[in-house]
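# An overview of the molecular structure
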Amino acid sequence: MPYILLVDDEPNIVMSLEFLMRKNGYQVGIARNGTEALAAINQTPYDLVLLDVMMPDVDGYQVCRQLRQRPDRAATKVIFLSAKSQPTDVQKGYEAGADLYIPKPFSTRQLMQKVRELLGA
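Predicted, not measured: the structure shown is a model, and the values here were computed from it.

## Structural notes on the packing of helix H1 (residues 11–23) against helix H5 (residues 108–118)
For the pair H1 and H5, the least separation of the axes is 11 Å and the interaxial angle reads 55°. Considering the angle they form, H1 stands oblique to H5. For the pair H1 and H5, the crossing hand works out as right-handed. Facing H1, whose interface residues are Leu17, Leu20 and Met21, H5 presents Thr108, Leu111, Met112 and Val115. For the contact of H1 with H5, the per-class residue count stands at six nonpolar, one polar and no charged.

Now the structure itself:
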């Protein structure tokens, strides 16, 4: 069963994403900021990280870059979910190593489709 890490400082988003992912049969870990996300990634080889960009401490770009520097986490997929949807923001996300960049607000159906595609399900 794939293991997904949700990283967002918005409790409502975390709750709705957690419900959605569990309903679709995934295991879920939660981090409320970049520091928690990095600690979680150190402990657990997640299959996929759903990552917010704008967070108060360590931003999503930094989390993604640090994840990509770890050979033992090479298989982890990263999807940015962000309200920052300017082309420069999106480009920065891909440069940081994202597999996908989805602007908020997003459709949950579209998100699940992309998650399944990336996890090869």
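From this point, things continue past the structure.
## Considerations on unusual backbone geometry
The omega torsion of the bond from Lys104 to Pro105 falls at -10°, within 30 degrees of zero and hence cis. Residue position: Pro105 is located in the loop between strand E5 (100–103) and H5.

## What about the sheet that holds strand E4 (residues 77–82)?
Each strand in a sheet pairs with its neighbour through backbone hydrogen bonds, running either in the same direction (parallel) or in the opposite one (antiparallel). Reading across from one edge, E2-E1-E3-E4-E5 is the order of the five strands in this open sheet, with parallel pairing throughout. If you trace the sheet from one side to the other, it starts and ends with strand E2 (27–31) and E5, each paired once. Neighbour to neighbour, the strand axes of the sheet diverge by 20° on average, direction disregarded. With four bridges joining them, strand E3 (residues 48–51) and E4 adopt parallel strand pairing. Along E4, the bridge assignment pairs Leu48 with Lys77. Across the sheet, helix H3 (residues 60–68) touches E3, E4 and E5, and the angle it forms with E4 is around 175°.

## Here we look at a negative patch on the surface
Among the surface-exposed residues, Asp9, Glu10, Glu36 and Asp57 lie close enough to one another that they form a single negatively charged patch. In this structure, Asp9 sits in the loop between strand E1 (3–7) and H1. Owing to a relative accessible area of 33%, Asp9 belongs among the partly exposed residues under this scheme.

## Some words on the packing of aromatic side chains
Per the counting criterion, the structure on display carries three aromatic pairs. Geometrically, the ring pair formed by Tyr3 and Tyr46 is tilted, given 4.7 Å between the ring centres and 55° between the ring planes. With Tyr3 in strand E1 and Tyr46 in the loop between helix H2 (34–43) and E3, this residue pair connects regions lying 43 residues apart in the sequence. Taking the relative accessible area as the measure of exposure, Tyr3 reaches 24% and is therefore partly exposed. With a centroid separation of 5.7 Å and an interplanar angle of 45°, the aromatic rings of Phe80 and Tyr101 are classed as tilted. Linking Phe80 in strand E4 with Tyr101 in strand E5, this pair joins segments that are 21 residues apart in sequence. Tyr101 matches Phe80 in its accessibility class, with the two residues each being buried.

Criteria and thresholds
Throughout, residues of each chain are indexed from 1 in the direction in which the sequence is written. It should be noted that, the model being predicted, local features are given only for residues of pLDDT at least 70 and side-chain atom pairs only at 80 or more, the latter also being counted only at that level, while totals for whole chains, interfaces and linings use all residues. To obtain the side-chain values, all non-hydrogen atoms of the structure were included, while hydrogens and water were left out. In this analysis, axes come from line fits to C-alpha atoms, helices being fitted only over the stretch in contact, and the angle between any two N-to-C directions falls in the range 0 to 180 degrees. For the purposes of this entry, the term helix denotes a DSSP run of H or I that reaches at least four residues, the term strand denotes a run of E that reaches at least two, and both are numbered from the N terminus. Every angle not falling under 35 degrees, over 145, or within 65 to 115 is termed oblique; those three ranges are roughly parallel, roughly antiparallel and roughly perpendicular. Crossing handedness follows the turn of the near helix against the far one: under a right angle anticlockwise gives a left-handed crossing, and clockwise gives a right-handed one. Contacts are assigned to residue pairs that have any heavy atoms within 4.5 Å of one another. The residue classification treats Ala, Val, Leu, Ile, Met, Phe, Trp, Tyr, Cys and Pro as nonpolar and Asp, Glu, Lys and Arg as charged. All others, Gly included, are polar. Pairing between strands requires that DSSP locate at least two bridges from one strand to the other. Each patch is built from salt-bridge-free residues with over 30% relative accessible area, joining like charges within 9 Å and nonpolar side chains (Val, Leu, Ile, Met, Phe, Trp, Tyr) within 5 Å. Surface accessibility in these figures is a Shrake-Rupley result with a 1.4 Å probe; residues are shielded only by whichever protein chains are displayed. What makes a salt bridge here is a side-chain nitrogen of Lys or Arg within 4 Å of a carboxyl oxygen of Asp or Glu, nothing more. Charge counting treats Lys and Arg as positive and Asp and Glu as negative, with His and both chain ends excluded. Lysine's charge is taken at NZ, arginine's at CZ, aspartate's at CG and glutamate's at CD. Burial classes follow relative accessibility: with a 1.4 Å probe on protein chains only, a residue under 20% of its type's maximum area counts as buried, one over 50% as exposed, and anything between as partly exposed. A pair of Phe, Tyr and Trp rings is counted when the ring centres sit within 6.5 Å of each other, with Trp represented by its six-membered ring. The angle between the planes then sorts it: under 30 degrees is stacked, over 60 is edge-to-face, the rest tilted.

By themselves, these are just geometric observations and shouldn't be taken as functional.
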